[in-house]
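Residue-level structure breakdown
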Amino acid sequence: MLQGLQDARKELPSKYFYDDEGSQLFEQICELDEYYLTRTELAIMQTQKQEMSALLGPQCLLIEYGSGSSTKVCTLLDALQEPVGYVPIDIAKEQLLRSVAALARAYPELEVLPVCADYTSDFELPVPKQPVLRRVAYFPGSTIGNFDREPARRFLRQIARACAGGGLLIGVDLKKDFNILHRAYNDSQGVTAQFNKHLLVRINQELDANFQLNQFGHYAFYNPGQSRVEMHLVSLKNQTVRIGEVEIAFKLGDSIWTESSYKYTLEEFAHLAATAGFTVERVWTDSRQLFSVQYLRVT
Ligand code: AVJ
């Protein structure tokens, strides 16, 4: 965090949004009218789950990267043919334990093997009791959009290695009218702004800092040259913030870059996937082509 705040261009990794409170704020974002992503993806899952299940095949081990509350996966679990296990991976421990308990109740037959970890780190995949026919990763929500190009490629390669012989079911947000994007990241209720500022709340609480929340503004916009929504926290005055023993100076208008959310065309994503060791086998979208769910086979 300190490193990121002391650089000339201040930047904080977006993965730190997701402690328990931040994860709850994100769940709130998903309910917003303007935030089309989650709703659209769920509708695609609902309508296409039979075909997805057929592609994934019987006795697969489903591995979810960033499982959150494990609500999305239920649509898939309902349709899968005798899955041998479900591996939810998430960094937010309490939420992970809560969702494992709920899954155990809803799917008493299913072996649930949770991993509490940063899913970009090297962690050991648990081995289920029953033999696995195919390992399939599930990475919904267009979280891949948070990665810059090279890290995205590296992460996809990591999944390809973990799921050799199998595949990846991934949600990818698509390029569209900038205004739709703008509204999705600038909601009228200010939930996204609160989510953004939650990073500062965490730094205050966990790193003994004194950020004044009302002296930073939420700023999000689509950058077409880079194909991404950028989210920033902009200093609303000249100010000095203390983090532990370190003082950090902000000029009026200085920003902390807190998140990128890349948007793809289907062609662009197919190219990225190909260079990471995947072949796009099937793409599902909604009628407005806002969002896509794609099944990639490990090449
Ligand atoms: C969870 C990464 C998909 O980029 O749309 C929502 C996070 N940020 N509103 C996204 C987010 C601001 C979200 N992802």
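Residues numbered from 1 in each chain as written. Predicted model: local features only at pLDDT ≥ 70, side-chain atom pairs only at ≥ 80, totals over all residues. Heavy atoms only, no water.

This brings us to the site of the ligand. By nearness alone, 14 residues border the ligand, and Tyr35, Gly141, Tyr185, Glu259 and Ser261 come closest of all. Between an oxygen atom of the ligand and a side-chain N or O atom of Tyr35, the distance comes to 2.5 Å. Between the ligand and Ser261 there is a distance of 2.6 Å, counted from an oxygen atom to a side-chain nitrogen or oxygen. Bound to the protein, the ligand loses 98% of the 350 Å² it would expose on its own. Mapped by element, the contributors of at least two residues to the shell around the ligand are helix 2 (20–31), helix 8 (191–206) and strand 11 (255–262). Its residues assigned to classes, the shell around the ligand comprises eight nonpolar, five polar and one charged. (Near = heavy atom within 4 Å. Polar contact = N/O pair within 3.5 Å; in protein donor to acceptor, adjacent residues only side chain to side chain. Areas by Shrake-Rupley, 256 points an atom, 1.4 Å probe, with all protein chains shown as cover. Helix = DSSP H or I, 4+ residues; strand = E, 2+ residues; numbered from the N terminus. Nonpolar A, V, L, I, M, F, W, Y, C, P; charged D, E, K, R; others polar.)

Next up on the list: helix 4 (residues 72–79). Counting buried residues in helix 4 gives six out of eight residues, a clear majority hidden from the surface. Within the sequence span of helix 4, burial applies to Lys72, Val73, Thr75, Leu76, Leu77 and Ala79. Buried-residue contacts for helix 4 involve helix 3 (36–56), strand 2 (60–65), strand 3 (85–90), helix 5 (93–106), strand 5 (134–139) and strand 6 (167–173). (Buried < 20%, exposed > 50% of the residue type's maximum accessible area, 1.4 Å probe, protein only. Contact = heavy atoms within 4.5 Å.)

With that settled, consider the nonpolar core. Membership of the largest hydrophobic core comes to 56 residues, with the highest contact counts inside it found for Leu62, Leu76, Leu169, Phe211 and Ile256. No other element matches the six residues that helix 3 contributes to this core. Excluding its chain neighbours within four sequence positions, the residues that come into contact with Ile256 are Leu5, Lys10, Glu11, Leu12, Leu200, Phe211, Phe216, Met231, His232, Leu233 and Phe250. With 33 residues, the next largest nonpolar core counts Val84, Ala152, Ala160 and Phe278 among its residues. (Core = buried A, V, L, I, M, F, W, Y, C linked by side-chain atoms within 4.5 Å.)

In this section: the pattern of salt bridges. Summed over all chains, the structure comprises 14 salt bridges. Between Glu11 and Arg9 there is a salt bridge, with its nearest N and O atoms 2.6 Å apart. The exposure class of Glu11 is partly exposed, given its relative accessible area of 33%. Residue classification places Arg9 among the exposed positions, given a relative accessible area of 52%. A salt bridge links Asp208 to Arg242; its shortest N-O distance comes to 3.4 Å. Here Asp208 is found in the loop between helix 8 and strand 7 (216–223), whereas its partner Arg242 is found in strand 9 (residues 239–243), with 34 residues between them in sequence. (Salt bridge = Lys/Arg side-chain N within 4 Å of Asp/Glu carboxyl O.)

The next subject is the sheet that holds strand 3. Two orientations exist for strands paired in a sheet by backbone hydrogen bonds: parallel and antiparallel. Here we have seven strands laid out as an open sheet, ordered 4-3-2-5-6-13-12, and mixed in their pairing. Looking at the sheet topology across the chains shown, the edges are occupied by strand 4 (115–116) and strand 12 (278–285). Where strand 2 lies against strand 3, five bridges are found, and the strand directions are parallel. Opposite Tyr65, over in strand 3, you have Ile89 as the bridge partner. Contacts from helix 4 reach strand 2, strand 3, strand 5 and strand 6 within the one sheet, and its direction differs from that of strand 2 by about 175 degrees. Where helix 5 meets the sheet, it contacts strand 3 and strand 4, and its direction lies at approximately 160 degrees from that of strand 3. (Pairing = 2+ DSSP bridges. Axes fitted to C-alpha atoms, helices over the stretch in contact; angles between N-to-C directions.)

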